[in-house]
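Residues per chain are reported as follows:
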Amino acid sequence: MNNSVGNRNRNISSHLVNALKTYVKLADPATWQNRTIKKSCFSRFILERLALMHTKMKRIGHLFEKVVSMDNLRLAHINARKGKGWYKEVIEINKDPDKYLKVIQEQLINKTYKTSEYEVFIKKDGTKEREIFKLPYFPDRICQWAIIQVIEPYLINHMTIDTYSAIPKRGIHFGFKRIQHDIQTDVKGCQYCLKLDVRKYYPSIDHDILKEKYARLFKDKDLLWVIYEIIDSTDGKTGVPIGNYLSQYSGNFYFSSFDHWLKECKHVKHYHRYMDDLVIFGETKEELHLLLEEIKIYLNDVLNLKLKDNYQIFPTYVRGIDFLGYRFFMNYVLLRKSTCKQMKRKLIKIQKKVSAGNMINYSEWCCINSYEGWLMHCDSYRLKRKYIRPLLTSAELYYQVNIKRKAVN
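As a starting point, this report considers the structure included with it. (Residues numbered from 1 in each chain as written. Predicted model: local features only at pLDDT ≥ 70, side-chain atom pairs only at ≥ 80, totals over all residues. Heavy atoms only, no water.)

Brief notes about the overall build of the chain
- Secondary structure assignment for the chain yields 18 helices and nine strands.
- Within the span of the chain, comprising 409 residues, buried residues form 44% of the whole.
- Counting only contacts in the chain whose residues sit at least 6 apart along the sequence, the fraction spanning at least 24 positions is 72%.
- Total accessible area computed for the chain in this model is approximately 22,700 Å², and 52% of it derives from carbon and sulfur atoms. (Helix = DSSP H or I, 4+ residues; strand = E, 2+ residues; numbered from the N terminus. Buried < 20%, exposed > 50% of the residue type's maximum accessible area, 1.4 Å probe, protein only. Contact = heavy atoms within 4.5 Å. Areas by Shrake-Rupley, 256 points an atom, 1.4 Å probe, with all protein chains shown as cover.)

Some points on the environment of K386
- Along the chain, the position of K386 falls in helix α18 (residues 381-408).
- Considered as a pair, K386 and L347 are 39 residues apart in the sequence and their alpha carbons are 9.9 Å apart.

Side note on the sheet that holds strand β4 (residues 271-274)
- Overall, antiparallel pairing links the four strands, which are arranged β4-β5-β3-β6 in an open sheet. Every interior strand has two partners, whereas the edge strands, β4 and β6 (312-315), have only one. This sheet shows a mean twist of 15° between the axes of neighbouring strands, independent of strand direction.
- With four bridges joining them, β4 and strand β5 (residues 277-282) adopt antiparallel strand pairing. (Pairing = 2+ DSSP bridges. Axes fitted to C-alpha atoms, helices over the stretch in contact; angles between N-to-C directions.)

A look at the pairing of β5
- Taking burial as the measure, the six residues of β5 include five buried ones, the bulk of the element.
- One ladder, built from six bridges, connects strand β3 (residues 192-197) with β5; its direction is antiparallel. Residue pairing for β5: D197 is matched across the bridge by D277.
- Joining the antiparallel neighbours β4 and β5 is a turn of two residues, in which M275 adopts a positive phi near 55°.

Here we look at the packing of helix α13 (residues 245-265) against helix α14 (residues 285-302)
- Two elements in contact, α13 and α14, have axes whose closest approach is 11 Å; the angle formed by their N-to-C orientations is 145°. Judged by the twist between their axes, the crossing of α13 over α14 is right-handed. Across the interface between the two elements, F255, S257, F258, W261 and L262 from α13 touch L291, E294, I295, Y298 and L299 from α14.
- By residue class, the composition of the contact of α13 with α14 is eight nonpolar, one polar and one charged. (Left-handed = near helix turned anticlockwise from the far one by under 90°. Nonpolar A, V, L, I, M, F, W, Y, C, P; charged D, E, K, R; others polar.)

With respect to the side chain of D220
- Among the secondary structure elements, D220 is positioned in the loop between α11 (207-217) and α12 (221-231).
- For the buried D220, no salt bridge exists, and the shortest N-O distance to an oppositely charged side chain is 7.5 Å, to K111.
- A polar side-chain atom of D220 sits 3.4 Å from the main-chain amide nitrogen of H62.
- Within the structure, D220 has its side chain in polar contact with the backbone nitrogen of L63 (distance 2.9 Å). (Lys, Arg positive; Asp, Glu negative; His and termini not counted. Salt bridge = Lys/Arg side-chain N within 4 Å of Asp/Glu carboxyl O. Polar contact = N/O pair within 3.5 Å; in protein donor to acceptor, adjacent residues only side chain to side chain.)

Considering the nonpolar core
- Of all hydrophobic cores here, the largest spans 71 residues; its most connected members are I151, Y214, F218, L223, F258, I295 and L299.
- Beyond its immediate sequence surroundings of up to four residues, Y214 is in contact with I151, L155, L224, I227, I231, L246, Y249, S250 and F253. (Core = buried A, V, L, I, M, F, W, Y, C linked by side-chain atoms within 4.5 Å.)

Topic: the environment of R345
- Among the structural elements, R345 can be located in helix α16 (residues 337-355).
- Classification of R345 by relative accessible area gives exposed; the value is 54%.
- Once the C-alpha coordinates of R345 and Y387 are considered, the two residues, 42 residues apart in sequence, prove to be 9.9 Å apart.

Some points on α11
- Those residues of α11 not exposed but buried are H207, I209, L210, K211, K213, Y214 and L217.
- Lining the buried residues of α11 we find α8 (137-158), α12, α13 and α14.
- The N-capping residue of α11, defined by a side-chain oxygen 2.9 Å from the backbone nitrogen of D208, is D206.

Considerations on the packing of aromatic side chains
- Tallied over the entire structure, the rule returns 25 aromatic pairs.
- Between Y326 and F328, the aromatic rings sit 6.3 Å apart at their centres with planes inclined by 65°, giving edge-to-face as the arrangement.
- Between the aromatic rings of Y326 and W374, the centroid separation amounts to 5.3 Å while the plane-to-plane angle is 40°, which identifies the pairing as tilted. One end of the pair, Y326, is in strand β8 (residues 326-328); the other, W374, is in helix α17 (residues 362-376), with 48 residues separating them in the sequence.
- Clustering of aromatic rings is evident, with ring pairs tying together Y201, Y202, Y254, F255, F258, W261, Y271 and Y298.
- Positioned above the aromatic ring of F64, the side-chain terminus of K111 is 5.9 Å from the ring centre.
- In this structure, K213 is placed above the aromatic ring of Y254, and the distance from its NZ or CZ to the ring centre is 6.0 Å. (Phe/Tyr/Trp six-rings, centres within 6.5 Å; stacked < 30°, edge-to-face > 60°. Lys NZ or Arg CZ within 6 Å of the ring centre and 35° of its normal.)

Overview of the sheet that holds strand β9 (residues 333-335)
- As summarised here, the arrangement of the three strands in space is β7-β8-β9, forming an open sheet in which the pairing is antiparallel. Edge positions in the open sheet fall to β7 (321-323) and β9, since each of these has one partner strand only. Going from strand to strand, the sheet's axes swing by 25° on average, the running direction of each strand aside.
- As paired elements, β8 and β9 share three bridges and run antiparallel to each other. Looking at β9, one finds that R327 is bridged to L334.
- The sheet contacts of helix α9 (residues 172-185) involve β7, β8 and β9, and relative to β8 the element is tilted by about 15°.

Brief notes about the side chain of D276
- Within the fold, D276 resides in the loop between β4 and β5.
- Setting aside anything within four residues of it in sequence, one finds D276 in contact with L196, D197, V198 and Y201.

Below, the structure written as structure tokens:
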């Protein structure tokens, strides 16, 4: 029986490969003849793609009852309200949390929960403008926290160690150490760097593909119902809203099949991803150019994504790698130029305020601490001496008067 099933699967795969090859030839014969990737390589690519698409994965069930349990909803409220204790909604709900949490529980169990209307605004991040979607605290933020608390371990287990964005204990500084380790311990394998970025990643995520990925991981129909409801809460068939807590995990999860393909099928040794920003090291330019062409095909065919045209292949140890807010070289690390300019502008403004005899406010205190933290991890002696040290006395005074005293009281 097992042999007949295996033979049938092999026959199906063979037919799919031939069909795909025929389709490519008919669709664009010139491209097929002149393609820089050899036909044999392209066939292997299709086989690898099919292997990944049909890889058997143990599907997880019986999670919805954990999501809707009162203990999980109480924890979701505690997590969701962190840093938001002054919100009117939070203050009101804190008076009788179980009253409101039972409403969410009933909405989920009865399948009457519907994502609220988004408040949409534009946020400028350096030179980029991002469309941010904000949901009410009740019921939406609590509901999304309740879901993530249950499914997070399974999503993280599915991700490779090479991705660093929005994953607990695997942030910027985790990636920082891994990049440093690669370029210092494998000089031969890191001679050249391929740096690329996906065009409009969050707005381009395909709803159907994302839902199919969730369905391959979870078999709990009630859990999938609420996840699908949140995915489809925006207009159109593509895009997950930046600002949703679930979107951060969906963004990583959507890309995880590419991570596995790159590591397990293409056997790329040194690869790093921060959401849609990718860095790949190689011994030669030629191997990275060939890999780039296969990456374009994979992203287009499997994930319905496009790369930006600003990809770069360059000598690692000459230019340095601009990634995660820093520039990495063999024996030293610098702060990214744009971050450095922004830091100087903000801290000079605070210095002028302090010099005029005024006390800094909470936002400025956070700004000083934030940049001090950034500079701790790179070679920045002169920057710290010129921009951080003159403000440390004022920052300490603000802490003693406004933070520590309130904490004691």
